[in-house]
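These are the residues of each chain, in order.
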Amino acid sequence: MMKKKRLSASKASLVLFLCQMISALDVPLDSKLLEELSQPPTITQQSPKDYIVDPRENIVIQCEAKGKPPPSFSWTRNGTHFDIDKDAQVTMKPNSGTLVINIMNGGKAEAYEGIYQCTARNERGAAISNNIVIRPSRSPLWTKEKLEPHQVREGDSLVLHCRPPVGLPPPIIFWMDNAFQRLPQSERVSQGLNGDLYFSNVQPEDTREDYICYARFNHTQTIQQKQPISVKVFSTKPVTEKQPILLTPTGSTSTKVELRGSVLLLECIAAGLPTPGIHWIKEGGELPANRTFFENFKKTLKIIDVSEADSGNYKCIARNILGSAYHVISVTVKAAPYWITAPRNLVLSPGEDGTLICRANGNPKPNISWLANGVPIAIAPEDPSRKVDGDTIIFSHVQERSSAVYQCNASNEYGYLLANAFVNVLAEPPRILTPANKLYQVIADSPALLDCAYFGSPKPEIEWFKGVKGSILRGNEYVFHDNGTLEIPVAQKDSTGTYTCVARNELGKIQNEVQLEVKDPTMIIKQPEYKVIQRYGQVSFECIIKHDSTLLATVTWLKDNDELPDDERFLVGKDNLTIMNVTDKDDGTYTCIVNTTLDSVSASAVLTVVAAPPTPAIIYARPNPPFDLELTGQLERSVELSWIPGDENNSPITSFVIEYEDGLHEPGVWHYQTEVPGTQTTVQLKLSPYVNYSFRVIAVNEIGRSQPSEPSEQYLTKSANPDENPSNVQGIGSEPDNLVITWEPLKGFQSNGPGLQYKVSWRQKDVDDEWTSVIVANVSKYIVSGTPTFVPYEIKVQALNDLGYAPEPSEVIGHSGEDLPMVAPGNVQVHVINSTLAKVHWDPVPLKTVRGHLQGYKVYYWKVQSLSRRSRRHVEKKILTFRGNKTFGMLPGLEPYSSYKLNVRVVNGKGEGPASPDKVFKTPEGVPSSPSFLKITNPTLDSLTLEWGSPTHPNGVLTSYVLKFQPINNTHELGPLVEIRIPANESSLILKNLNYSTRYKFYFNAQTSVGSGSQITEEAVTIMDEVQPLYPRIRNVTTAAAETYANISWEYEGPDHANFYVEYGVAGSKEDWKKEIVNGSRSFFVLKGLTPGTAYKVRVGAEGLSGFRSSEDVFETGPAMASRQVDIATQGWFIGLMCAVALLILILLIVCFIRRNKGGKYPVKEKEDAHADPEIQPMKEDDGTFGEYSDAEDHKPLKKGSRTPSDRTVKKEDSDDSLVDYGEGVNGQFNEDGSFIGQYSGKKEKEPAEGNESSEAPSPVNAMNSFV
């Protein structure tokens, strides 16, 4: 009876094996096999179902799939076929289904909103993606409203409503003041989930005029600002205490529905005085452990990963000393569909059975529907082997045509799941994947495993034979595994030989031979033995081995399972290990390990090292700690310390280390004081004032350091004036109107007494001003406000304490804050050196206008257009920075024969100044690149036809082409060189009068007025005998072009009744050729509907002859005639209409001006006038003086260039962006539409748009991310 190890009890073993072989094509067992097996498509990557995109960036909709043969891709949009070939903005990546919608070159994201679905199809079926809903993100402006000031009595509750604009996705809300500081929140004041700011009770300190709600839209990185809200709290005595009432939610009960797996957020915010505390319970149960969190001072209950078990009533209780209030929230947990059993790929052989199971759960219960190859199964082509039974498809007696991809859709009102699973029916003859004549080597008496990896469909039967003509192997001495492996449990020497594996199914049979060699085992015939050896003696361990003569054995010695010490005393011989001059460290276990390629054996022995006859041993150790420390001769700045040394322990003491502890400033921390020789037991110590000293002594000898001694008695020195002043004093402005003075404070023991403070003094340098001084606490910074922009200051910082001042400090020079440069460099001149290099000059700006440290100049330059092609392209600005006060720079890497613009800007530590006027310059012609191609066709006895393409980079106006050619004989020797000049407008040439059956070498290049470009070479051979052409010939294609049409004619040689067609397209374009059919056998055709002034390419072909066409011809339509157009500007009705519009606009401007002069002031105006802070006053546009807020301007932020509170400039922290990457600065500021913006462009600057057609904020600000 043959013994088998079953991996599975049924035909499922075949399915499992094939799934492993086929479904995992990315990691194949045999690449050649997998290349031959067909497989239906499988979606491997797709965009999310709900895909919100940035409307300023290209839209990428992912769809990747695999299959054999590779699948093709198609898309639907809103349920109908999406023809991407008809939309120039949409492209599909090569060998992929991923769509790229070009928004950055003029497309509108809103035009591509919709539901997209990808289909991947091959001959075995079609897989589909999820429905991908594309929606562009939106960040609308805040609705303009007039906010009345809130006047609230102390102790009352208050709610400040945010009501942010509805965006996609919803914005993140936060509250800040005018200085961009987060408003402090507490149990009394907090922000609700809806963004409103709740006051359980107001206090006098809540009075302020700058409660500002901000909405941050993450997708567009835009922050919108609501107008400031003013709150004034008036006091009444006494303040009445109030019991709690709930501000939100209202009423006593409410309901909430949440989805399974999401986060449940419940909120209760209460009013009352004293401020109520919030407590949460779940009625009839406990809050779930490990998933429950409290936020917002316990006002928000957060439960993560909710399930149906979390449904129930949740009660929040608000309580203070006067009473309580409560609210019950009834929570119902629903569930979008989720998988219980998702369908899995099924691989079957013809005639087999199988099932696809699709089981999902949800609340409510999801509906299950099936599709076949993306089509509802009810209307899909019938398959007699298929039967649908609810959530199961049963397959019976399948055939190869049953292969398909099935989709299971589980959906309810909260969502859907879509899964693809293929059924792949394969009929394959057996294949054996194990290499032929593979050699297996094993040690006698050990198992031998001979592989026979196979594949086939239906599953092949496997049989093993020994020898070429041996009988089939059977019996208990063999084990046959289902994967084809033959196991010999105990291999003997006579098991050596050739083994044949035979695989057969109904489609064929195949066999493979492998070789087995059984080797003798490796043995240690004399093992190392236990040894006892005296110290400084010699010992040897033996390890004599025996192994198979065909195997190479290596012997390795280990000590205590690690490598032998790197010591010349260890000598490793062929059969032994010898240790010379044994020491105590050699004590341990020694192991001899013998390795071959097939086996390994080892043997161990213990070495014990004993002492020689005993002799008195001298013990060396660290010294004992000193003791009996005594302080004498106490003075204000010194004291004498004495001690008694401890035992030396046979090693003389070399030194004593004295350490001190400052019990007043750093108790428990010991510091190094000094070190004295080991012969000294007293020392005079220098002390600092106002320090509570304790001392300890440590003895040191060659063995090491002793333990510290016991501390001495404490000694508190008297206070004194500071001996020194702060170090590293600097003055650097952080804003254009301030000076930030910083220093490194004194350490605790340097203060010399209590009450350490600093006297900060400053005065403007080179101005006859008195010193201005201020005394500050023990800090490290002081900010001087209201300074002129970037002027030098003399600065000094002096330390003082309760007893007096430190010595007079030295003065340092600092500068107040920088501002952006005021003027642009003038007299910008460009000297073009050659076609790729130019030199730019400019006059330096006056240093006074730099308003900061001059860092250099930046030159922005960009290509406007190529003079040879007269076509504009996307503007890519380049930036070169020239450090220091340079007045010139080189511009490398220019393109020949092109028009450029540049401007120059000065740079200081604050940023860039204004740009100089754009300077236009042009580069001269250069030599062209090589022709794009050279083809040689139509060889005859004495002629060849040459066709070529114009250079990719002409770098000027082409004057001609130069063709050189020469014959090559059989010994590869070159004949005489012939040169021909060809007009630049030609693209083909017929060379006649050539020698028959001769190889020619051609050299071809283009020329401009500057010279010749690089050449392209080709070889061709004329034919030996004249033969009739196999196909018709179309020659001498000529064109006669007008403004919007062209007459195409040609000559035809070949059989009669040929059907012709004309193909044409825009020259130089990558778009597909357009095709027009020619009726009858005419040899001319008129192309209509052409664009005036455009170059076209054209060719003629014969219908029914695949690939047969004429050579290309290029023509250009005539320019549009001005006489055919009517100049609307000269029409009387148009002039009258424009005059009426201008008069109406003038009347509206006058009315607006009158209404603006009558506008009132903001309530915050009085407070701003009282502070008289120029930083929070907007500047008038005309004269730069400080103005007022008015009703007409209440929704407008500060104009560009004006200063906002705290400069209102938000910089992105830790940014990787640089001035080289961006054409503009990255300082954020308020835009005129009320949004908070910053430059967030890519490295390439886009051409400016002509209008703002969207109500969204035009650009983001990354810097504000740190506020949320």
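Residues numbered from 1 in each chain as written. Predicted model: local features only at pLDDT ≥ 70, side-chain atom pairs only at ≥ 80, totals over all residues. Heavy atoms only, no water.

A. Broad picture of the environment of Ala270. Assignment of secondary structure puts Ala270 in strand β24 (residues 269-273). Ala270 has contacts with Ser200, Ile245, Leu246, Leu247, Pro276, Ile278 and Ala318, leaving out every residue within four places of it along the chain. (Helix = DSSP H or I, 4+ residues; strand = E, 2+ residues; numbered from the N terminus. Contact = heavy atoms within 4.5 Å.)

B. Broad picture of the pattern of salt bridges. Evaluated as defined, the whole model comprises 37 salt bridges. Close ionic contact of Glu542 with Lys526 constitutes a salt bridge, the shortest N to O distance being 3.6 Å. Of this pair, Glu542 sits in strand β50 (residues 539-542) while Lys526 sits in strand β48 (residues 523-526); the two residues are 16 residues apart in sequence, bridging distant segments of the chain. With a relative accessible area of 33%, Lys526 lands in the partly exposed category. Each member of the salt-bridge network shares a partner with another, and the members are Arg153, Asp156 and Lys242. (Salt bridge = Lys/Arg side-chain N within 4 Å of Asp/Glu carboxyl O. Buried < 20%, exposed > 50% of the residue type's maximum accessible area, 1.4 Å probe, protein only.)

C. Quick look at the packing of aromatic side chains. This structure, assessed with the given rule, holds 23 aromatic pairs. With 5.8 Å between their ring centres and 75° between their planes, Phe82 and Tyr116 make a pair best called edge-to-face. Residue Phe82 is found in the loop between β7 (80-81) and β8 (90-92), and its partner Tyr116 is found in strand β10 (residues 114-122); the two are separated by 34 residues along the sequence. Here the two residues Phe82 and Tyr116 agree in accessibility, since each one is buried. Taking the centre distance of 6.0 Å and the plane angle of 50° together, the rings of Trp842 and Phe882 count as tilted. (Phe/Tyr/Trp six-rings, centres within 6.5 Å; stacked < 30°, edge-to-face > 60°.)

D. Examining the confidence of the model for the protein chain more closely. Residues at a pLDDT of 70 or more form 85% of the protein chain, whose mean pLDDT is 83. Note on residues 1-29: pLDDT under 50 across the span, and 53 contacts to partners over four residues away in sequence or across chains. Ignoring residues within four places in sequence, the model shows residues 1159-1268, a span with pLDDT below 50, making 217 contacts including any to other chains. (pLDDT = per-residue confidence, 0-100.)

E. How the structure looks around the environment of Cys118. One can find Cys118 in strand β10. With relative accessibility at 0%, the residue Cys118 sits in the buried group. Cys118 sits eleven residues away from Ser129 along the chain, and the two C-alpha atoms are 5.2 Å apart. Sequence-distant contacts of Cys118, defined by excluding residues within four places in its chain, comprise Cys63, Phe73, Ser74, Trp75, Ala127, Ile128 and Ser129.

F. Spatial organisation of the pairing of strand β93 (residues 1113-1116). Going residue by residue along β93, you find Asp1113 and Phe1115 tucked away on one face and Val1114 and Glu1116 left uncovered on the opposite face. Pairing of strand β92 (residues 1095-1102) with β93, which is carried by four bridges, proceeds in the antiparallel orientation. Paired with Ala1095 across the bridge in β93 is Glu1116. (Pairing = 2+ DSSP bridges.)

G. Examining the sheet that holds strand β47 (residues 508-519) more closely. The four strands are arranged β40-β47-β46-β43 in an open sheet whose pairing can be described as mixed. Strands with a single pairing partner mark the edges of an open sheet, and in this sheet they are β40 (438-443) and β43 (461-466). The average angle at which neighbouring strand axes cross in this sheet is 25°, direction not considered. Relative to strand β46 (residues 497-505), β43 runs antiparallel, the two being bridged by six bridges. From the neighbouring strand, Lys466 faces β46, where its bridge partner is Tyr499. (Axes fitted to C-alpha atoms, helices over the stretch in contact; angles between N-to-C directions.)

H. Fine view of unusual backbone geometry. Omega for the peptide link from Leu273 to Pro274 comes to 0°, which places this bond in the cis form. Position of Pro274 among the secondary structure elements: in the loop between β24 and β25 (277-282). The omega torsion across Asn363 and Pro364 is 5°, close enough to zero to call that bond cis. If you trace the backbone, Pro364 turns up in the loop between β32 (359-363) and β33 (367-372). We note that His397 has phi near 50°; this positive angle belongs to a residue other than glycine. Of note, the phi angle at Asn649 is positive, near 55°, even though the residue is not glycine. Looking at where Asn649 falls in the secondary structure, it is placed in the loop between β59 (638-644) and β60 (655-662).

I. Region of the structure containing the sheet that holds strand β73 (residues 826-834). If you trace the three strands from one edge of the open sheet to the other, you get β73-β74-β77, paired in antiparallel fashion. Two strands lie at the open edges of the sheet, namely β73 and β77 (888-891), each paired on one side alone. For this sheet the average axis-to-axis angle between neighbouring strands, irrespective of direction, equals 20°. Here six bridges tie β73 to strand β74 (residues 837-843), and the two strands are oriented antiparallel to one another. Across the sheet, the residue bridging to Val830 is Val840, located in β74.

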